[in-house]
Amino acid sequence: MAEMTLVEAINQALAFEMQADPDVVVLGEDIAKNGGVFRATVGLLDKFGPERVRDTPLAESMIAGLAIGMAIAGLKPVAEFQFMGFIYPGLDQIINHAARIRNRTRGKMSCPVVFRTPYGSGIRAPEHHSESTEALFAHIPGLRVVMPSSPARAYGLLLASIRNPDPVIFLEPSRLYRWAKQDVPDNGKALPLDVCFTLRTGEDVTLVTWGSLVKETLAAAEKLSKEGIHAEVIDIATIKPLDMETILASVERTGRCIIIHEAARTCGVGAEISAQIAEKGLLFLKAPVQRITGYDTVVPYARLEKFYLPTEENIIEAVQQIMEFA
């Protein structure tokens, strides 16, 4: 067991699965010789050679199409897009082919491909490097959307995603790549997909979040506990399909729910969670469901970035307000 950052855990998971399964290949822009823009694939070329670790041209549609073809042919490709804002040229391939192969062939074929990409803002990068458009992919039938928030979850969820027989969009919060270290045993043990992780228990309010804002949410919950307010913190981890059973069970206990995400507010995943709580758990609620989100704007440049992202203070203030309801 060794302490490592989130990006190092991703590298370790890729190396483990490539060693265990010769069908696993990785491809993308600058991922071989240079080891990736965030160094997530550093060292893999030396370990596994150019047949399994392939640099590609600057052509995201080609990267997506090539990975889909490999998957249909029996390989297990892990394709990297350098930033989430660069994935859009590949949407045609991802939506019209990767997501539909199983349905199109009535189950005769599957598409075991993982599309990895850094996600979100907070690293002082330009707009296309700071996208948070998980809701776009969550809306597409046939795609699974996964987002880790710690090194251990990055390792276990990436292993599970590679072993999954259908396409996975694997979003890696770039703000967390080197934020903290955690003990991550390199034991090949996958974490379950399609379930939430309850990171902190509490009986007063349920805080639902994912990705980089797990950090601020946990910090806010700790400060609130000193005021006598005990928040339950849920990391949904798998954005599609949503584990609403865990969320609803928590809301039934607490009677209050706040959803925190950095993506734009309108039609975000938070709206879907709120809608399902209204449909299935309305009578549990002591107060209206609240959302703390990014704005319906393009992510601003570095100087204004701190005003775009939700903060600990935003979360604490929202909890204090929602606790005023009986």
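Residues numbered from 1 in each chain as written. Predicted model: local features only at pLDDT ≥ 70, side-chain atom pairs only at ≥ 80, totals over all residues. Heavy atoms only, no water.

With that settled, consider the environment of Ala 318. Here Ala 318 is to be found in helix 12 (residues 312-322). Separated by 130 residues in the primary sequence, Ala 318 and Gly 188 place their C-alpha atoms 40 Å from one another. (Helix = DSSP H or I, 4+ residues; strand = E, 2+ residues; numbered from the N terminus.)

Put simply, helix 8 (residues 213-225) and helix 12 touch, their axes get as near as 9 Å, and they point 50° apart. By the criterion of interaxial angle, the relationship of helix 8 to helix 12 is oblique. Our pair here, helix 8 against helix 12, has a crossing hand that is right-handed. Residues Glu 216, Thr 217, Ala 219, Ala 220, Lys 223 and Leu 224 of helix 8 lie in contact with helix 12, whose contacting residues are Glu 312, Ile 315, Ile 316, Val 319 and Gln 320. For the contact of helix 8 with helix 12, the residue count by class is six nonpolar, two polar and three charged. (Axes fitted to C-alpha atoms, helices over the stretch in contact; angles between N-to-C directions. Parallel < 35°, antiparallel > 145°, perpendicular 65-115°, else oblique. Left-handed = near helix turned anticlockwise from the far one by under 90°. Contact = heavy atoms within 4.5 Å. Nonpolar A, V, L, I, M, F, W, Y, C, P; charged D, E, K, R; others polar.)

By size, the foremost hydrophobic cluster in this structure holds 46 residues, and its most contacted members are Phe 115, Trp 210, Ile 236, Ile 247, Ile 273 and Ile 277. Here this core takes six residues from helix 3 (residues 60-72), the largest share from any one element. In contact with Ile 277, other than residues within four places in its own chain, are Met 244, Ile 247, Leu 248, Val 251, Cys 257, Leu 282, Leu 285 and Val 289. (Core = buried A, V, L, I, M, F, W, Y, C linked by side-chain atoms within 4.5 Å. Buried < 20%, exposed > 50% of the residue type's maximum accessible area, 1.4 Å probe, protein only.)

All right, on to helix 4 (residues 91-98) then. Residues Leu 91, Ile 94, Ile 95 and Ala 98 constitute the buried set of helix 4. Mapping the buried residues of helix 4 onto a view down its axis gives an arc of 120°, with all of them on the same face. Residues of helix 4 that are buried in the fold lie against helix 3, helix 5 (101-104), strand 5 (114-119), helix 6 (134-138) and strand 7 (168-173). (Arc of directions from axis to C-beta.)

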